[in-house]
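# Structural overview for review
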Amino acid sequence: CSPPGKPTLYGSVTRRGLSSEGVPDIVASEGFVVQEVTKKSILISCPHENVSTKFLAPYTAFSRIHQKSITCLDISSGGGLGVSTSTDGTMKIWQAANGEIRRLLEGHVYDVNCCRFFPSGLVVLSGGMDAQLKVWSAEDASCVVTFKGHKGGILDTAIVERGRNVLSCSRDGTARLWDCGKSSCLDVLADCGSPINGIALGTADDSLNMGTPEKPPSEREVGTEGKILLLAREDKKLQGVGLQSRQPVFLFVGSDAFNCCTFLSSTYILAGTQDGNIYQLDVRNTNAPLQVIHRSGAPVLSLLPYRDGFIASQGN
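Criteria and cut-off values
Residues numbered from 1 in each chain as written. Predicted model: local features only at pLDDT ≥ 70, side-chain atom pairs only at ≥ 80, totals over all residues. Heavy atoms only, no water. Pairing = 2+ DSSP bridges. Helix = DSSP H or I, 4+ residues; strand = E, 2+ residues; numbered from the N terminus. Axes fitted to C-alpha atoms, helices over the stretch in contact; angles between N-to-C directions. Salt bridge = Lys/Arg side-chain N within 4 Å of Asp/Glu carboxyl O. Buried < 20%, exposed > 50% of the residue type's maximum accessible area, 1.4 Å probe, protein only. 1 Å grid on protein atoms, 1.4 Å probe; cavity = no way out; pocket = protein on both sides within 12 Å on 5 of 7 lines; lining within 4 Å. Points joined across faces, edges and corners; volume = space filled by probe spheres on them. Nonpolar A, V, L, I, M, F, W, Y, C, P; charged D, E, K, R; others polar. Phe/Tyr/Trp six-rings, centres within 6.5 Å; stacked < 30°, edge-to-face > 60°.

Another aspect to go through is the sheet that holds strand β24 (residues 277-282). Pairing is antiparallel in the open sheet, where 4 strands are placed in the order β22-β23-β24-β25. The sheet is open, and its two borders are formed by β22 (258-263) and β25 (291-294), each paired with just one other strand. Recorded for the sheet is a direction-independent mean angle of 20° between the axes of neighbouring strands. Both β24 and β25 contribute to a ladder of 4 bridges, which runs antiparallel. Looking at the pairing, I278 lines up with I293 of β25.

So this is what it looks like as C-alpha cells:
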C-alpha cells in the first residue's frame, strides 16, 4: 500500500488450504486483512490507511494471439471480433469468444500504434510509426485505403459517425480530418508544435460556443457539425477544438504530458497524464477541474467510460 507522502507498506498473502467448495483459504501478513475470497476474486484491505483493493482473476486469457506486448486493441460493436496490435509488429483480427485468429493485417512498415473497428464491424482503421493511416477489410484482410500526409508516427485515431470521415493525430503535432471515399486529407484541424498523444470525439453540449468555420465546409465532410475534438498533448495541454469550425473551444494545462482522453457525456470529459493524474472537467468551464484522481504516480495510459464510471489503465 503506497499512501501519498508516506512510506510504502509491504505485506504478503499466503494460501493455507482449500475449502470443500474449491475456494482458497487465504491470510495476509500484519497490516493487511483479507476481507473476502471467491473463486474469482480476493478483496484485501489496509485498515491503517482505510483503503482496499479487489484483485480479479481473468475471465479468460488468450496467450497465443501475439508473441510480445499488446499495444492496442478494440472489439467490434457486435462483440464478435477483436483486433489488436503488438510490439511483435503484427496486427491481427480474432474471434472474441475463443481468441481464434481470423486475419493477419500486413502492410505497415515498423510498429502499428493504434487500431479500431468502424461501427459496421467489417472495417478496421489503423495508424503506424510509418506515418500512414490504413483502412482494412475485416472480411478478406485487404488494405482498402492508405492515407498519407502526416510527417510523424500516428498515435491515435477517431471515427466520425458511420465512418465516411476519420481523424488521426501524430507525433508531428497535427490532427487531421480524412475523407475515406476519396482517400484524401480534408484539413489539418490543429497544429500544436508538440506531439498529440490521444484524441477523442464527442457531441458538444448545446450551450457550448463552438465557433464558426472561416470557410464553408466541404460537401465531403459528413457528420462534423456539433462535434468537439479533444487533443491530449505532450506539452501538458488538453485542448478542445470545434470539429466543423476548427476553432479552439478551450485549453487546459495539466501537471504533465496528457496521454489519453475520453468523453463521459456531452459535458463531462476525462484526461490522464504521464505523472498519474486523471482530470475530470466540465467542457463548459475548464478553469478548474471537477476532480483530480491520483492513485499512483504511474502514467495513465488509457481511459474508457463504463456504466456510471470509467476504467483507467496505468503503467504499473
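Following the criterion strictly, the structure yields 9 salt bridges and no others. E161 is the salt-bridge partner of K227, the closest N and O atoms lying 2.9 Å from each other. Note that K227 is positioned in strand β19 (residues 227-233) and E161 in the loop between β14 (154-160) and β15 (165-170), a separation of 66 residues in sequence. Under the relative-accessibility criterion, K227 is labelled buried at 10%. Salt bridges linked by common partners bring D187, E221 and R246 together as one network.

This part takes up the pairing of strand β5 (residues 51-56). In this structure, strand β4 (residues 41-46) lies alongside β5, joined through 6 bridges in antiparallel fashion. By the bridge assignment, L43 is partnered in β5 with K54. What sits between β4 and β5 in their antiparallel hairpin is a turn of 4 residues, with N50 showing a positive phi close to 60°.

As a further point, take the layout of surface pockets. To locate leftover empty space, one rolls a probe as large as a water molecule over the atoms. If you add up the space inside the largest pocket, you get close to 1,600 Å³. At the level of secondary structure, the elements contributing two or more residues to the lining of the largest pocket comprise β6 (70-75), β10 (112-117), β14, β18 (196-203), β22, β26 (300-306) and β27 (309-314). When residues in the lining of the largest pocket are grouped by element, the largest group, 7 residues, is from β18. Of the residues belonging to the lining of the largest pocket, the class tally is 22 nonpolar, 14 polar and 8 charged. Of the voids in this model, the second largest pocket is the one considered here, and its volume is about 1,200 Å³. When contributions to the lining of the second largest pocket are tallied by element, the ones reaching two or more residues are β4, β5, β25 and β27. Here the element with the most residues in the lining of the second largest pocket is β5; it accounts for 6 residues. Across the lining of the second largest pocket, the residue classes break down as 18 nonpolar, 12 polar and 3 charged.

Applying the stated rule across the entire model yields 5 aromatic pairs. Through a chain of ring-to-ring contacts, three or more aromatic side chains come together here, namely F252, F258 and Y279.

In short, geometric facts, not functional conclusions.
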